[in-house]
Amino acid sequence: MSSLPSESKATLVVGIDLGTTNSVLAWADIGDGASALEIRVLGIPQVVELGALEERPILASALLLSRDEEMTSSAFRLPWQGEAPGIVGAFAARRANDAPDAVVLSAKSWLCQKRVNREGAILPWVGDDHEAPQRRISPVEAQAAILAHLRRAFDFKMAAMQAERPIETRETICLDQMDVVLTVPASFDPEARELTLRAAERAGLGNLRLLEEPQAAVYAWLASRGEDWRHDLGPGDLLLVCDVGGGTTDLSLVAVRDEQGALELERVAVGEHLLLGGDNIDLALAHHLRGRLALEGNRLDGWQFRALVAACRDAKERLLGPDAPAELPIAILARGRRLVGGTLRLSLSREEVERIVLDGFLPELPLDAAIHVSGEDDLGLQEMGLPYERDPAITRHMLRFLRRHAEALAGHLPARVAGGALHPTAILFNGGAMRASALAGRVTEALAAWAQTAGLEPARVLAGADLAHACARGAAYYAAVRRGGGVRIRGGTARSFYVGVASAQPAVPGQAPPTKALCVVPRGLEDGTRLSVPGSEIGLRVGGKARFRFFASATRPDDRAGWLLDEWDAASLDELSPLEIRFDDAGVDEEGRVAVGLEAHTTEVGTLELEFVERQGGESGRRWRLAFEVRERGGATS
Amino acid sequence: MEGSAAEGAGRRFSLFLVLLSLVTAVSAAMLLRPQVARHLETVSTALKEGGFGAGFEVALRSEVLLWLLLPVLVPLLGALFALFSGSSRRASPVVAGGPAPVAALPPVDRQGLAQGGALKLLAVLQEEARLIDFVQENIEGYDDAEVGAAARAVHAGLRKALAARVRLVPLHEGEEGVAVEIPPGFDPERLRVSGHPRGNPPWHGVLVHPGWQALEIRLPVPTEGADASLLAPAEVEVPEGKGGA
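Rules behind the numbers
Within each chain, residues carry numbers counting from 1 in the order of the written sequence. Lettering for chains starts from A, numbering for ligands starts from 1, and both go in the order in which the items are written. The model is predicted, so local features are restricted to residues of pLDDT at least 70 and side-chain atom pairs to those at 80 or more, both for listing and for counting; the totals for chains, interfaces and linings are taken over all residues. Excluded from the side-chain calculation are hydrogens and water; included are all heavy atoms of the structure. Put simply, DSSP H or I for four residues or longer makes a helix, DSSP E for two residues or longer makes a strand, and each gets a number counted from the N terminus. For every residue, the accessible area obtained with a 1.4 Å probe (protein chains only) is divided by the maximum for its type, and the residue is called buried under 20%, exposed over 50%, and partly exposed between those limits. Throughout, a contact is declared for two residues whenever any of their heavy atoms are within 4.5 Å. Under the convention used here, a 1.4 Å probe and the Shrake-Rupley method define accessible areas, while residue burial counts only the protein chains that appear. Computed with a 1.4 Å rolling probe, the buried area is the accessible surface lost when two parts are put together, summed over both parts. What qualifies as a polar contact is a pair of N or O atoms within 3.5 Å, subject to a donor-acceptor requirement within protein and to the restriction that residues adjacent in sequence count only when both atoms come from side chains. Under the convention adopted here, Pro, Cys and the residues Ala, Val, Leu, Ile, Met, Phe, Trp and Tyr are nonpolar, Asp, Glu, Lys and Arg are charged, and Gly plus all remaining residues are polar. The rule for pairing is simple: two strands pair if DSSP sees at least two bridges between them. Ring pairs shown here join Phe, Tyr and Trp side chains whose ring centres sit within 6.5 Å, with only the six-membered ring taken for Trp; geometry is labelled stacked below 30 degrees between planes, edge-to-face above 60, and tilted in between. Criterion for a charge above a ring: Arg CZ or Lys NZ at most 6 Å from the ring centre, at most 35 degrees from the ring normal. Helix span, expected: 1.5 Å multiplied by one less than the number of residues in the helix. Confidence scores here are pLDDT values: one per residue, from the predictor, ranging 0 to 100. Here a salt bridge means any side-chain nitrogen of Lys or Arg lying within 4 Å of a carboxyl oxygen belonging to Asp or Glu. For helices, the fitted axis covers only the stretch in contact; all axes are lines through C-alpha atoms, and the angles between them, taken along N-to-C directions, range from 0 to 180 degrees. Angles are sorted into four bins: roughly parallel if under 35 degrees, roughly antiparallel if over 145, roughly perpendicular if 65 to 115, and oblique for all others. Note on convention: near helix rotated counterclockwise from far helix by under a right angle means a left-handed crossing. Clockwise means right-handed.

K.L.:
What exactly am I supposed to notice about the overall build of chain B here?
P.N.:
Check the secondary structure of chain B and you find 6 helices and 5 strands. Beginning at the N terminus, the succession of helices and strands in chain B can be written as α-α-α-α-α-α-β-β-β-β-β. Every one of the 245 residues in chain B was classed for burial, and the buried ones make up 31%. Sequence separation of at least 24 residues holds for 74% of the intrachain contacts in chain B that already meet a minimum separation of 6. Of the roughly 15700 Å² of accessible surface on chain B, 60% is carried by carbon and sulfur atoms.

Spelled out as structure tokens, the structure:
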């Protein structure tokens, strides 16, 4: 497909993987009408050492908040102009251990942390018992800083490439003019998506779409396989995408169907947001070794511990990879100038790594294993901060996921449900943690064992995944596919959404009226759909503060818009953060209720909007828009 | 002109540093080869059983001594060279917070970019593999196990750091020890003929070292206006609660 430059300025498609630990940008030229789409990963200029820049395919999602001295120092001068709250990339990530008060890490995970004000200046996060750092910024600002770095790096590199061309063929290529797709976890709630968009806007990226990360991994695999993918997947296949990144684990199921002779892919289930990833594994190994050093009377400082974590990551990949040795020596250098006398020596054996990593993070479980995943509210008091998973067993989270969706999908995929769980026929791995091949092997074995118990064939592993760059590549491929041609994954919204409606019943002293849940968006609503929620009128409070409650469910695929749930159990509906908002009525001053209907809108961008429409007045009726926006909230007490 | 003299000295200094780093890298790599590790054991056994003299003899016969001494000898020679060329440039201790009393290299110009890149490569090798610390340390008083432990960490860091920036390939695809024919008109830059060649090529010999070539190198680029001579900052840790006003 060749398009004239005058039709659209976007001659390039761009995919951005804004990861918890690392970010990647991939791009491809679609303007030249060439046959195969060549997706390239951008070398991102970044400060790697004081006064030294390098181009790397990966930008660490770390932000070193600069002090005044650093803002003006030439040691941090990037080859482009532009305001930034600090330094992004490899150097910032390295400083996290020796200057924890100045480095923002894992800002992405904070975007889906419901209990804090996500637009408040809360990062770097410190517990209550520590002195707050002088400078802090909001998770949105931190994400914006990373995206701004990517945008400027892209524009800079494109300008450098254009400068090599003859002057009459040169173009100005800017990221904000291109078709950009940004990946987010499938488990991101509407608010986290909205906040991601807000960060993108702050970074000067007005024009983009969101794509779920596991879907991006599938697109990357489709791009690498070309037309051959039809040999690997057929009608009736159920693909599990197992994406274990540095900080998070994201699971999705994609079904393959035959639609009038053509294969069609549909994302049928997404997992919960799990703050558990490869970094946890490296930390577990490092803590294990630190404990052993402590027994010998050796204490590590922060700098040495970081070196130990890095060494553990390498050792893990080596010891859980092919042709692994039985034991690997590890040396940790002292921090000062004296190396030779102060080096700590230790070794890590394959047996230890297998015990800690495989048995700790990927234990073997029977299909009927009892699973209790403790909710975050089990404890009366919990330190604020990121709700890291208490249970590190990835296989247990997987089994829980496969069970949770079994009932809901039994009608759609009867052949894949047995023994109370879903059984995929194929697995696609993604994420840097899976570079340790024994980890992927253990996941495959677990699935095979469950399938065997249920009397089904084991799932096969789809080869050809580019673990570290797949999300960005897949996002770029998706952007190209949207321009025409190629397979698209159907799926729409991953969950159904509900608003809380107070039931009309006589007041009972001392009891709040029970809340019913009105389904406003059914699961699977495609992007770009506007839907008028059928059913009875509801009264909207205007002229005063009103509180709205929202719910989402990944396991109620059959609920239709307009259904009013009188009762539900907490396990099937997750409450999202509530919204307190004041709608004003231009005509009326006093508080009152207006009879409204509801319209839901899944935007092309990938976010959700709700609108209240006055019933009386027809087309010219008043409208109140309810975007999933950020609001000031009281923190822990609310 | 004083400026150009200082620039020349700076260039010599950086060349010397780059040479130093390469030598150390090679030494560390050599020490970690399995056959050398075996020699190390023999040497230590000889030391235990036969005293220093016997140990030294064994070390001399194997290549261990060479690789151990190389990183010590080269800085020594370099220092002598610098002394005699009259442009000794020793870093004075840096007082935290105060201005560094060392005369800085002139700001890097276009021509100086390559030099800046070499210096920044050193800075990166120091940060990622502690190369300068390792080379600058006096290892005389330590036993081989201690040196070996540090060498292992430095080696791991250097290996990763180099692999990320330089694509190294052997010049000759043969294994060491294979018979090689040296054709007429061979390229002396790619092939060093040692031993006793007579008359004109072709000669027949044995491959002693397959050589190395850097097919690609990606040097760090100094940021604009940065002082490329700064290889590692002095570090001061502020304890909690003493952050000041």
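K.L.:
What am I meant to see in the interface of chain B and chain A here?
P.N.:
The figure often quoted for interface size is the accessible area lost as the parts come together. At the interface, 36 residues of chain B touch 32 residues of chain A. Both faces combined, the contact of chain B with chain A buries some 2800 Å², and carbon together with sulfur accounts for 49% of it. On the chain B side of the interface with chain A, the three residues burying the most area are Glu-127, Arg-130 and Thr-223 of chain B, jointly 21% of the side's total. Applying the counting criterion to the chain B and chain A interface returns 19 residue pairs in polar contact (both at pLDDT 80 or more). Those elements that provide at least two residues to the side of chain B that touches chain A are helix H4 (113-129), helix H5 (131-136), helix H6 (144-165) and strand S5 (221-222) of chain B. Tallying contributions element by element places H6 of chain B first for the side of chain B that touches chain A, with 10 residues. Looking at side-chain class alone, the side of chain B that touches chain A contains 18 nonpolar, 3 polar and 15 charged residues. Both strand S5 (residues 52-56) of chain A and S5 of chain B contribute to a ladder of 2 bridges, which runs antiparallel. The partner of Ala-52 of chain A across the bridge, within S5 of chain B, is Pro-222 of chain B.

K.L.:
In this structure, what is going on with the sheet that holds strand S23 (residues 515-521) of chain A? I would like to understand it.
P.N.:
All names here are of chain A. Taken together, the 5 strands give an open sheet; going across it, the order is S27-S23-S22-S26-S28, and neighbouring strands pair in antiparallel fashion. On the outer flanks of this sheet lie strand S27 (564-565) and strand S28 (574-575), each paired with one strand and no other. Pairing of S23 with S27 involves 2 bridges; the strand directions are antiparallel. Following the sheet pairing, Ala-517 is matched in S27 by Leu-565.

K.L.:
Honestly, the packing of aromatic side chains in this entry has me stumped. Any pointers?
P.N.:
For the coordinates displayed, the defined rule picks out 7 aromatic pairs over all chains. Sitting above the plane of the Phe-305 of chain A ring, Arg-290 of chain A keeps its charged end 4.2 Å from the centroid.

K.L.:
Help me understand helix H13 (residues 470-482) of chain A, please; the structure alone is not making it clear to me.
P.N.:
Side chains three or four residues apart in an α-helix point the same way, a direct result of the helix having 3.6 residues per turn. All names here are of chain A. Given a rise of 1.5 Å per residue, 13 residues ought to cover 18 Å, and the 18 Å separating the end C-alpha atoms of H13 matches this to within 8%. Of all 13 residues in H13, 11 are buried, a share of seventy percent or more. Along H13, the positions that sit buried rather than exposed are Ala-470, Cys-471, Ala-472, Gly-474, Ala-475, Ala-476, Tyr-477, Tyr-478, Ala-479, Ala-480 and Val-481. Count one or two residues on from H13 and you reach Gly-484, which has phi positive near 140 degrees.

K.L.:
What is the right way to look at the environment of Ala-561 of chain A in this model?
P.N.:
All names here are of chain A. Locating Ala-561 in the fold gives a position in the loop between strand S26 (550-553) and S27. Considered as a pair, Ala-561 and Leu-531 are 30 residues apart in the sequence and their alpha carbons are 8.5 Å apart. With residues near it in sequence (within four places) discarded, Ala-561 still touches Cys-519, Val-520, Pro-522, Leu-531, Val-533 and Pro-534.

K.L.:
Got a minute to help me understand the confidence of the model for chain B in this structure?
P.N.:
Atom-level detail of predicted coordinates should not be read off regions where pLDDT is low. All names here are of chain B. When pLDDT is averaged across chain B, the result is 72; 51% of the residues are at 70 or more. Mean pLDDT across the secondary structure elements of chain B bottoms out at helix H3 (residues 64-84), with 54, and peaks at strand S1 (residues 166-169), with 93. pLDDT under 50 marks residues 1-6. Its contacts with residues more than four places away, or in other chains, come to 1 contact.

K.L.:
Could you clarify how one ought to interpret the pattern of salt bridges in this entry?
P.N.:
A side chain of one charge can pair with a side chain of the opposite charge when the charged atoms of the two come close. A full pass over the atoms with the stated rule returns 44 salt bridges over all chains. Its salt-bridge partner being Arg-335 of chain A, residue Glu-235 of chain B comes within 2.6 Å of it at the nearest N-O pair. Taken together, the positions of Glu-235 of chain B in the segment after S5 and Arg-335 of chain A in the loop between strand S15 (327-332) and strand S16 (344-349) put the pair across two chains. The exposure class of Arg-335 of chain A is partly exposed, given its relative accessible area of 24%. Residue Glu-445 of chain A pairs with Arg-442 of chain A through a salt bridge whose shortest N-O separation is 3.9 Å. Of the two residues, Glu-445 of chain A and Arg-442 of chain A are both situated in helix H12 (residues 437-453); the distance of 3 residues between them amounts to about one turn of the helix. Among the residues examined, Glu-445 of chain A registers a relative accessible area of 47% and is labelled partly exposed. By relative accessible area, Arg-442 of chain A is classed as buried at 11%. In the salt-bridge network here, residues are joined through shared partners; they are Glu-54 and Arg-56 of chain A together with Glu-128 and Arg-165 of chain B.

K.L.:
What should I look at first to understand the packing of helix H8 (residues 278-295) of chain A against helix H9 (residues 302-319) of chain A in this one?
P.N.:
Two quantities define a packed helix pair, namely the angle between the helix axes and the distance between the axes. Residue and element names in this part refer to chain A. Packing of H8 against H9 leaves a shortest axis separation of 8 Å and a crossing angle of 115 degrees. The angle between the axes of H8 and H9 places the two elements in the roughly perpendicular class. Crossing handedness for the pair H8 and H9: right-handed. Each of Gly-278, Asp-279, Ile-281, Asp-282, Leu-283, Leu-285, Ala-286, His-287, Leu-289 and Arg-290 in H8 lies in contact with H9, whose residues at this interface are Phe-305, Leu-308, Val-309, Cys-312, Arg-313 and Lys-316. Taken together, the residues that form the contact of H8 with H9 break down as 9 nonpolar, 2 polar and 5 charged.

K.L.:
What's the story with the pairing of strand S2 (residues 22-29) of chain A in this structure? I'm lost.
P.N.:
Residue and element names in this part refer to chain A. With respect to burial, S2 is a largely interior element, 6 of its 8 residues being buried. Where strand S1 (residues 12-18) and S2 come together, 7 bridges link them in antiparallel fashion. Bridge pairing in S2 places Leu-18 opposite Ser-23. Examined bridge by bridge, S2 and strand S6 (residues 59-60) share 2 bridges and lie antiparallel to one another. Its bridge partner lying in S6, Ser-23 is registered against Leu-59. As judged from the 3 bridges shared by S2 and strand S3 (residues 39-41), these two strands associate in the antiparallel manner. From the neighbouring strand, Ala-28 faces S3, where its bridge partner is Ile-39.

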